[in-house]
Amino acid sequence: MGIGQINCSIGQINARIRQITRSIGQINARIGQITRSIGQINTLIRQIRYAIGQINV
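Here's what I pulled together on the structure shown here. Bear in mind the structure is a predicted one, so any value in this text is a computation, not a measurement. (Residues numbered from 1 in each chain as written. Predicted model: local features only at pLDDT ≥ 70, side-chain atom pairs only at ≥ 80, totals over all residues. Heavy atoms only, no water.)

1. A short note on the overall build of the protein chain
A tally of regular secondary structure across the protein chain gives one helix and zero strands. Since a compact globule built from 57 residues should have a radius of gyration of about 10 Å, the 25 Å found for the protein chain marks it as more spread out than a globular shape. Seen through its principal axes, the protein chain has C-alpha atoms that stretch 80 × 10 × 5 Å. Split into buried and exposed, the 57 residues of the protein chain put 0% on the buried side. (Helix = DSSP H or I, 4+ residues; strand = E, 2+ residues; numbered from the N terminus. Rg over C-alpha atoms; globule rule 2.2 N^0.38 Å. Buried < 20%, exposed > 50% of the residue type's maximum accessible area, 1.4 Å probe, protein only.)

2. Description of a nonpolar patch on the surface
Taken together, the side chains of I3, I6 and I10 present a nonpolar region at the surface, about 280 Å² in accessible area. Tracing the chain through its elements places I10 in helix α1 (residues 3-56). Residue I10 is classed as partly exposed on the basis of its relative accessible area, which comes to 42%. (Patch = residues over 30% accessible without salt bridge, like charges linked within 9 Å, V, L, I, M, F, W, Y side chains within 5 Å. Areas by Shrake-Rupley, 256 points an atom, 1.4 Å probe, with all protein chains shown as cover. Salt bridge = Lys/Arg side-chain N within 4 Å of Asp/Glu carboxyl O.)

Encoded structure:
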């Protein structure tokens, strides 16, 4: 295996690492969206509980 082939392999590995890094970034963004959604759902549940409390009074 010559130096050129090794450099080509390293280039391919680096490209793959960049793809994986980008994928991880996308996953993190999605987790952020889900976390935000859960927060909104929790807020909504609190509002519903408060409304039910008002009805029961």
